[in-house]
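# Observations on the model geometry
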Amino acid sequence: MVKAGSFHYIYPSMKKGYLVFALLMGIVIQTSGQIPVILRVTAAEQSDTTGCNFVKELARISWLAISSGKAKLWNAPSKDFQITPQSLRDIDASAGTSFTDQEVVFIYEYWTNINRELKSTTTGFLFSNKSKRGEDVEYGYVEFRDLQEFFLRERVETNSNGNFNTNLASVLHSKSFNYQFLQFAGKVIDNVSDSRKIRDEYIGQLRFNVSAFSLNEVPQKMVTWTLDPSPDVTKEKSVNGNKLISALGDYLRANEEVFLNLGGDKIPGVQLKGRWKITRIEVSELWKKISGETLYDPLTLKMYINDSALAEIPYRDLLKMDVKIMDIALTDFLRVKEFNYVIRRVNQQDIPRSEAYLYQKALYEAEWNKLTIWVAANR
């Protein structure tokens, strides 16, 4: 995998305690300069509270860049020769591996800590894998500058703990993932204890690249929920939900062109003037938490006719629909949420029906990077 010849050796007689002491003393001397660092990042060590598995997302997004020809995959950091996308596919086919399913990646960076301002500059990534027979599979090295556009453009796939609009660049530069040191200041770090000591002494409570990020980033979640007609007419929220569904049905019947444009004529057994009903609506919204208050921005609405889905309606078209429920405009009524709804997805995490209510409560009561922990504790 990673060849030993590419690293500096430690003399066997040097005791670990002295090594760390000498290393940290060296750090103090060179804090005004750049320190070369190689990080070892494993998929198994990533925490749910970060919102994504950094290794999996790094591999997925890097593959998009490599396979499109926008990023060059080299055989090694020395860049002796380039590996084509097709050659990479052949490697996976031969070894029975998948580039997008890696357990370990290595990140090459330079760090500086000047006047307690911690900065990192990423130079590249070394990718590898294990074959079905347990053999090392060396994919190669990709420079960060080739991947930067994709890291900024592609949205990270996050679970319910993540921030919906996060990109991989912000995760990388803020170091919002778990890692160990493989090299630091030219020295090989071969155990977790020494990694921890260096992290405590060099990083401490400091944050990376603070000037590159907003300190007041707004927490955001993509939340998808559904609403079904309710037979219970004794409870206000059930009645309100039925009124919403009824108002949408009346709108479609009064606007046949809209019904047809949404694909109503393609639903089996449904005739334009025939008997049909809305059996469910599905809404996707961007939820934001600002100063402790949760705000909702509807993004899309989908109606199900006799359990078959019509086309999704984007927000801009929802604004054009003359639908009112108790004299409240449709988008405003969706925001008020005075009806019973069932959360189906938060970000890219599907929510089981049995846990929908818990996740709804968690979104109001828990820290937004710990929703899964809150739900697990309150099952």
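Everything here concerns the structure above.
Report follows, based on the coordinates. (Residues numbered from 1 in each chain as written. Predicted model: local features only at pLDDT ≥ 70, side-chain atom pairs only at ≥ 80, totals over all residues. Heavy atoms only, no water.)

## Description of the overall build of the chain
Along the backbone of the chain there are 12 helices and 17 strands. Evaluated residue by residue, the chain yields a buried proportion of 47% over its 379 residues. In the chain, of all internal contacts separated by at least 6 residues, the share reaching a separation of at least 24 is 66%. Entry remark: accessible area of the chain is about 19800 Å², with carbon and sulfur atoms responsible for 49%. (Helix = DSSP H or I, 4+ residues; strand = E, 2+ residues; numbered from the N terminus. Buried < 20%, exposed > 50% of the residue type's maximum accessible area, 1.4 Å probe, protein only. Contact = heavy atoms within 4.5 Å. Areas by Shrake-Rupley, 256 points an atom, 1.4 Å probe, with all protein chains shown as cover.)

## Points about helix H6 (residues 192–203)
A rise of 1.5 Å per residue sets the reference length of H6, with its 12 residues, at 16 Å; its end C-alpha atoms lie 16 Å apart and thus fit the reference within 8%. Taking the backbone nitrogen of Ser193 as reference, a side-chain oxygen 3.2 Å away marks Asn191 as the first, capping residue of H6. Note on H6: the residue one or two positions beyond its end, Gly204, has a positive phi of about 60 degrees. (Expected span 1.5 Å × (residues − 1). Polar contact = N/O pair within 3.5 Å; in protein donor to acceptor, adjacent residues only side chain to side chain.)

## Examining the environment of Asn53
Here Asn53 lies in the loop between strand S1 (35–42) and helix H2 (54–67). Overall, the relative accessible area of 25% leaves Asn53 in the partly exposed class. Measuring from C-alpha to C-alpha, the distance between Asn53 and Val156 comes to 9.5 Å, with 103 residues separating the pair along the chain. Those residues in contact with Asn53 that sit more than four places away from it in its chain are Ala43 and Gln46. At a separation of 3.0 Å, a polar atom in the side chain of Asn53 contacts the main-chain carbonyl oxygen of Ala43.

## Remarks on the packing of aromatic side chains
Two measures describe an aromatic ring pair: the distance that separates the ring centres and the angle between the ring planes. Going through the model one piece at a time under the given rule, you end up with 25 aromatic pairs. Centre to centre, the rings of Trp111 and Phe181 are 5.5 Å apart; their planes meet at 70 degrees, and the pair counts as edge-to-face. You can see Trp111 sitting in strand S4 (residues 104–114) and its partner Phe181 sitting in strand S7 (residues 180–184), a full 70 residues away along the chain. Across this residue pair, the class does not change: Trp111 and Phe181 are buried. The interplanar angle of 85 degrees and the centroid separation of 5.1 Å between the aromatic rings of Phe181 and Phe184 together place this pair among those described as edge-to-face. With a relative accessible area of 3%, Phe181 lands in the buried category. Put simply, the rings of Phe54, Trp111, Phe177, Tyr179, Phe181, Phe184, Tyr202 and Phe208 pair up and form one aromatic cluster. Over the ring of Tyr179 we find Arg199, and its NZ or CZ is 4.8 Å from the ring centre. For Lys337, the ring lying beneath its charged end belongs to Tyr296, and the centroid distance is 4.3 Å. (Phe/Tyr/Trp six-rings, centres within 6.5 Å; stacked < 30°, edge-to-face > 60°. Lys NZ or Arg CZ within 6 Å of the ring centre and 35° of its normal.)

## What about helix H11 (residues 356–365)?
Among the residues of H11, Ala356, Leu358, Tyr359, Gln360, Ala362 and Leu363 are the ones counted as buried. Along its buried surface, H11 packs onto strand S9 (220–227), strand S10 (278–290), strand S11 (293–305), strand S16 (342–346), strand S17 (349–350) and helix H12 (371–377).

## Looking at the packing of H2 against helix H3 (residues 85–95)
Packing of H2 against H3 brings their axes to within 9 Å, and their N-to-C directions diverge by 130 degrees. The pairing of H2 with H3 is recorded here as oblique in orientation. Seen from H2, the contacting residues are Trp63, Ile66 and Ser67; seen from H3, they are Pro85, Leu88 and Arg89. (Axes fitted to C-alpha atoms, helices over the stretch in contact; angles between N-to-C directions. Parallel < 35°, antiparallel > 145°, perpendicular 65-115°, else oblique.)

## Quick notes on the pattern of salt bridges
Two side chains of opposite charge can pair, provided their charged atoms sit close to one another. Following the criterion strictly, the structure yields 23 salt bridges and no others. A salt bridge links Glu367 to Lys370; the nearest nitrogen and oxygen atoms lie 3.8 Å apart. Overall, the relative accessible area of 34% leaves Lys370 in the partly exposed class. Here the salt bridges do not stand alone but share partners, grouping Lys288, Asp297, Asp332 and Arg335 into one network. (Salt bridge = Lys/Arg side-chain N within 4 Å of Asp/Glu carboxyl O.)

## Digging into a nonpolar patch on the surface
Residues Val218, Ile290 and Leu295 make up a contiguous nonpolar surface patch of about 200 Å² in total accessible area. Mapped onto the fold, Leu295 is located in strand S11. (Patch = residues over 30% accessible without salt bridge, like charges linked within 9 Å, V, L, I, M, F, W, Y side chains within 5 Å.)

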